[in-house]
Amino acid sequence: MAKDYEALAQTIIEKVGGEDNVNSLIHCATHLRFNLKDNNKAQTEALKNTAGVINVVQNGGQYQIVIGPDVADVFKTIKAKANFSTGKDSAHEDDGKRGIAKVLDTIAGMFVPIVPVMAGAGMIKVIASLSTMLGWLQPTDTTYQFLSIFGDTIFYFMPVILAASAAKKFKTNQYLAMAVGASLISPTFVAMIAAAREAGTGLDFLSLPVTMANYSSSVIPIILAVWFLSYVEPIVTRYTPAILRIFLAPMVTLLIVMPATFLLIGPLGTWMGDGLNTVVSAMNTTVPWLVPTLIGAMTPLLVMTGMHYGVIPIGINMLATKGIDTVAGPGMMVSNVAQGGAALALVFKTKDKELKALSVSTGISAILGITEPVLYGINLKYKRPLYAAMIGGGIAGLYLGLMGVGRFAQVPPGLLSLPSYFSADAPHVIVHAGIGCTIAFAVSFIASFVLGLPKENTSSSTPATTVSDDTVVATVDGELMALEHVNDPVFASKAMGDGVAVVPRSGTIVAPVNGELTTVFPTGHAHGIVRPDGVEVLVHIGINTVELAGQGFTALVQQGQAVKAGQALAQVDFDLLKAKGYDPTTMTIITDSKGKTIPLKTSSTVYAGDIL
């Protein structure tokens, strides 16, 4: 059945506060990344409860909605339905972000759009390397040479491609930016450098010395140049007569920006890149294990906060200047594999069928390089698998650092990136990379299995623990929220009584209190319990689910039966409910408190049987 991207896109637009609340929107492999004017206007709990949304997180100055593999389709649908072009998206404007958050947002805005094409080109380079490693092609074969062209082109012309992306982020003319980028790798400039070096002379412009730097594949110089352009271009345009603006404004702009780039900005960017390389090289010489260990252990937290976008350019810069990345690629690769291993261990640890299925799908995805589903769907929610993944990633990163492992192409970090660690000049690197992945998986799998889950569901007919008669417990694993946030006006208004709701993550519903089961609806979607003190409690599973006439519900108890808090009441196929368009939110409502005050928690991650 075709997925309804139109409905999901419309819901997301409405629940982030509407078009007027959006500054900008980009997406990565699994996230929609919004910059909102006011995060408080977004209906976060309602979004988390929306079919098609995995989770919602706020990090790195961004409001991030985790969609999964369908994110590109949802993004296109949202952009087609909404116009965000009038919002602030300029790096010049203060939209509430400060310091590192603003820097990371700027970097992400430039690199997110071009990372997929870099990954694609990197995989072509991997194919070329594999073809020589397996003896299918020789470096002198024209087929190999064409593959090299296909894989190397984007990296050689990085100043042009990154100029276009940076111009969009800095809100300046993309074509002027690309012209500046192209000038840095102009064949004439390259030939001038070669001739000057051969003659032992230098280059100058208006008697000012020009640094003879190689800007192909460079990153920092063009970013600084486009940032400078974004200030010059509007000023020049403003003071140019309208009748001459079509040619005079770009001419003057280029005559200011291009010389400044060759004389000052380009050398400054080169110096910064070289300085960064010097620091990394020094660390690789003195403490080669440190950076891969930190990246291997901390990547989940970097991704969660968006700070991994600060690491990726370092790796790209290393590939451009040294031909090998020992910083970003290795540590992120083993971290992703470790997250997958930690999730897959839960398949053998949990009895929950839904969690088993989620662990398999997200675990395999993580091993292959896409970690957001497992990070937000399992590891952050259960915490212990996250700790296991960080342990496995850190130990594997330590091994890679000690062995001097680095990648030779920019590809997505995961098991499929292993061929990028092959070099005919250093064939041992790919062997150690493979060993590192094995260590990451094995250590995180074992650690996750040993640590287990904070609390395991029970599907038995008897409660795991005994609680007092005045205690209320959570009815299901999931995210707890206040009743007023429920997407139903009757329940949200508390017309039936006060209570709480849970967005469920498992299919077992347990009794919230001790008492007599006075009502079991024939449809299985609702249960009424009277406590020994007379307090009446209703458990309502899903919204409007009475319409399913019992489909997807399996009752585990009978009306008139005495139950204990934590005892299983029903098994529910929430996937079926969601597939049919029903909200799975499960509510515990005090329909008659007998005048008693019953304070309840209204937020946090809970597990069935947790005391509320």
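Parameters and conventions
- Residues numbered from 1 in each chain as written.
- Predicted model: local features only at pLDDT ≥ 70, side-chain atom pairs only at ≥ 80, totals over all residues.
- Heavy atoms only, no water.
- UniProt positions renumbered as here; feature names shortened; annotations may be inferred.
- Helix = DSSP H or I, 4+ residues; strand = E, 2+ residues; numbered from the N terminus.
- Patch = residues over 30% accessible without salt bridge, like charges linked within 9 Å, V, L, I, M, F, W, Y side chains within 5 Å.
- Areas by Shrake-Rupley, 256 points an atom, 1.4 Å probe, with all protein chains shown as cover.
- Salt bridge = Lys/Arg side-chain N within 4 Å of Asp/Glu carboxyl O.
- Phe/Tyr/Trp six-rings, centres within 6.5 Å; stacked < 30°, edge-to-face > 60°.
- Buried < 20%, exposed > 50% of the residue type's maximum accessible area, 1.4 Å probe, protein only.
- Lys NZ or Arg CZ within 6 Å of the ring centre and 35° of its normal.

For the protein chain, an unreviewed UniProt entry supplies the name PTS system sucrose-specific EIIBCA component and the organism Streptococcus ovuberis. Note on the protein chain: under the UniProt heading Subcellular location (unreviewed entry), the record states "Cell membrane". Listed in UniProt under the heading Function (unreviewed entry), the comment for the protein chain reads: "The phosphoenolpyruvate-dependent sugar phosphotransferase system (sugar PTS), a major carbohydrate active transport system, catalyzes the phosphorylation of incoming sugar substrates concomitantly with their translocation across the cell membrane. This system is involved in sucrose transport."

**Student:** Before we go on, may I ask you to explain the UniProt feature "transmembrane region" (unreviewed entry) in the protein chain in this structure?
**Tutor:** In this structure's numbering, the residues bearing the UniProt feature "transmembrane region" (unreviewed entry) are residues 107–137, 143–163, 175–195, 215–232, 244–269, 289–312, 386–409 and 429–453. End C-alpha to end C-alpha, residues 143–163 measures 30 Å, and it is 95% helix and 0% strand.

**Student:** It is not clear to me how a nonpolar patch on the surface should be interpreted in this structure. Could you clarify?
**Tutor:** Where nonpolar side chains cluster on the molecular surface, the patch consists of Val360, Ile364, Leu368, Leu415 and Leu416 and spans about 410 Å² of accessible area. Looking at where Ile364 falls in the secondary structure, it is placed in helix 15 (residues 353–367).

**Student:** How do you make sense of the packing of aromatic side chains when you look at a structure like this?
**Tutor:** Centre-to-centre distance and the angle between the planes together describe a pair of aromatic rings. In total, this model carries 8 aromatic pairs according to the counting rule given. Ring geometry for Tyr156 versus Phe157: centroids 5.0 Å apart, planes at 80 degrees, classification edge-to-face. When the ring of Tyr382 is compared with that of Tyr607, the centres are 5.7 Å apart and the planes differ by 40 degrees; the resulting orientation is tilted. Of the two residues, Tyr382 sits in helix 16 (residues 372–382) while Tyr607 sits in the segment after strand 17 (604–606), which places them 225 residues apart along the sequence. Summarising the burial analysis for this pair, Tyr382 and Tyr607 share the class buried. Cluster of aromatic residues (ring-pair linked, three or more members): Phe189, Tyr215 and Phe262. A cation over an aromatic ring shows up here: Lys349 above the ring of Phe449, its NZ or CZ 4.7 Å from the ring centre. In this structure, Arg505 packs its charged tip against the face of Tyr382, placed 4.8 Å from the ring centre.

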